[in-house]
Amino acid sequence: DAGITQSPRHKVTETGTPVTLRCHQTENHRYMYWYRQDPGHGLRLIHYSYGVKDTDKGEVSDGYSVSRSKTEDFLLTLESATSSQTSVYFCATRDPAAKNIQYFGAGTRLSVL
Amino acid sequence: AQSVTQPDIHITVSEGASLELRCNYSYGATPYLFWYVQSPGQGLQLLLKYFSGDTLVQGIKGFEAEFKRSQSSFNLRKPSVHWSDAAEYFCAVGLQTGANNLFFGTGTRLTVIP
């Protein structure tokens, strides 16, 4: 357990509104990731970070942005939420010393109406 | 491009029966391989991993998996399933380069009947 806290755990919002999801870790892991989980797709990578202010796109990055101003926090922002972004969002962290093992938070369930 | 296939969307087994969940991957080199388990409403928990060496790896909760390079497979097994094993299981491939991103299969939902 890498001490990962996601907030909020549940959110309902309306189409067109901005939404920010927060991931906080206590293990000082260098790498952090945002995934979305949808039925029939498993988990797909949205964005990841390899250090403070260092981020890159994943497989499904359109419509999302991220920021990492501190090692412990990784924010995912939906600038203008759409119904297709209704999903469960997971944050993960990785310690390079532990090879490729990623540790996951409990998830945020987002509904865009 | 890398991909992970879990051909079984849903499997139902009786408590005490053996279990095998299939996973095939496509990747140009030997990847890191993982099985994660997700209980309802929870995050993903690592069951086991393969990086190199012995192709039969042991994990938590009595699970094991075998890496077969010739078949590009990494199947998960358990000799005797318990009711608490009911969950969704994800196979994942990890790249050995760059940010070591993970690519997940679509998951297999396991139902355990008494």
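As the structure is a prediction and not an experimental result, all values here were calculated from the model.

1. Some words on the overall build of chain B
- What chain B contains, in helices and strands, is 0 helices and 12 strands.
- The order of α-helices and β-strands along chain B, N terminus first, is β-β-β-β-β-β-β-β-β-β-β-β.
- A compact globule built from 114 residues would reach a C-alpha radius of gyration of about 13 Å, and chain B, at 14 Å, matches this within 12%.
- For chain B, the spread of C-alpha atoms along the three principal axes comes to 45 × 30 × 20 Å.
- Looking at chain B residue by residue over its 114 residues, the buried ones come to 48%.
- Considering only contacts in chain B between residues 6 or more positions apart, those separated by 24 or more positions represent 54%.
- For chain B, the accessible surface area stands at approximately 5200 Å², while carbon and sulfur atoms represent 49% of it.

2. Let's talk about the nonpolar core
- Within the largest apolar cluster, 26 residues are counted, with the highest numbers of intra-cluster contacts made by L19, W35, L47, L48, F74, L76 and Y89 of chain B.
- Going through the elements one at a time, β2 (10-14), β3 (19-21), β5 (32-38), β6 (44-50), β8 (64-68), β9 (73-78), β10 (87-94) and β12 (108-113) of chain B are the ones with two or more residues in this core.
- Among the elements that make up this core, the one with the highest residue count is β10 of chain B (4 residues).
- Apart from the residues lying within four places of it in its own chain, the contact partners of L47 of chain B are W35, Y36, V37, G59, I60, K61, F63, L76 and Y89 of chain B.
- In terms of nonpolar packing, the next biggest core, distinct from the first, is built from 21 residues, L43, L45 and F90 of chain A together with L44 of chain B among them.

3. Here's the deal with the pattern of salt bridges
Residue and element names in this part refer to chain B.
- All chains considered together, the criterion is met by 9 salt bridges over all chains.
- For D8, the salt bridge is made with R22, and the minimal N-O distance between the two is 2.9 Å. Of this pair, D8 sits in the loop between β1 (3-5) and β2 while R22 sits in the loop between β3 and β4 (24-26), placing them 14 residues apart in sequence.
- Of the residues examined, R22 reaches a relative accessible area of 38% and is grouped as partly exposed.
- Two residues, E88 and R109, come together in a salt bridge whose shortest N-O distance is 3.0 Å.

4. Topic: the interface of chain B and chain A
- Opposite the 22 residues of chain B that make contact, chain A presents 20 residues.
- Regarding the contact of chain B and chain A, the summed buried area is about 1700 Å², with carbon and sulfur atoms giving 58% of it.
- Here chain B and chain A share 0 salt bridges between them.
- On inspection of chain B and its partner chain A, the count reaches 2 residue pairs in polar contact (both at pLDDT 80 or more).
- Breaking the side of chain B that touches chain A down by element, the ones donating at least two residues are β5, β6, β10 and β11 (102-104) of chain B.
- For the side of chain B that touches chain A, the element with the highest residue contribution is β5 of chain B, accounting for 4 residues.
- Of the residues contributing to the side of chain B that touches chain A, the split by class is 11 nonpolar, 10 polar and 1 charged.

5. Observations concerning unusual backbone geometry
- With an omega of -10 degrees, the peptide bond between S7 of chain A and P8 of chain A qualifies as cis.
- For N28 of chain A, which is not a glycine, the phi torsion comes out positive at approximately 65 degrees.
- Looking at where N28 of chain A falls in the secondary structure, it is placed in the loop between β3 (19-25) and β4 (31-38).
- The phi dihedral of K61 of chain B falls on the positive side, at around 60 degrees, and the residue is not glycine.
- For K61 of chain B, the location among the structural elements is in the loop between β7 (56-58) and β8.

Cut-offs applied
- Just so you know, the residues in each chain are numbered from 1, in the order the chain's sequence is written.
- Labels follow written order: the first chain is A, the first ligand is 1, and so on.
- Only residues with pLDDT of at least 70 get local features here, since the model is predicted, and only at 80 or more are side-chain atom pairs given and counted; chain-wide, interface and lining totals rely on the full set of residues.
- Only hydrogens and water are removed before side-chain values are computed, so all heavy atoms of the structure are retained for them.
- Only runs of H or I of at least four residues qualify as helices and only runs of E of at least two qualify as strands under DSSP, and these elements are numbered from the N terminus.
- The quantity called the radius of gyration is restricted to C-alpha atoms. Its globule counterpart is 2.2 Å times the number of residues to the power 0.38.
- Here's how the labels work: a residue is buried when its accessible area is under 20% of the maximum for its type, exposed when over 50%, partly exposed in between, all with a 1.4 Å probe on protein chains only.
- Contact definition: two residues touch when any of their heavy atoms are within 4.5 Å.
- A 1.4 Å probe and the Shrake-Rupley method give the accessible areas. Residues count as covered only by the protein chains that appear here.
- Only buried Ala, Val, Leu, Ile, Met, Phe, Trp, Tyr and Cys residues count toward a nonpolar core, and they belong to the same one when joined by side-chain atoms within 4.5 Å.
- Basic side-chain nitrogens of Lys or Arg form a salt bridge, by our definition, when they fall within 4 Å of a carboxyl oxygen of Asp or Glu.
- The quantity reported as buried area is the accessible area (1.4 Å probe) lost by two parts once they are put together, taken as the sum for both.
- Here a polar contact means two N or O atoms within 3.5 Å. Within protein one must be a hydrogen donor candidate and the other an acceptor candidate, and residues neighboring in sequence count only if both atoms are side-chain atoms.
- Three categories are distinguished: nonpolar for Ala, Val, Leu, Ile, Met, Phe, Trp, Tyr, Cys and Pro, charged for Asp, Glu, Lys and Arg, and polar for the others, with Gly belonging to the last.

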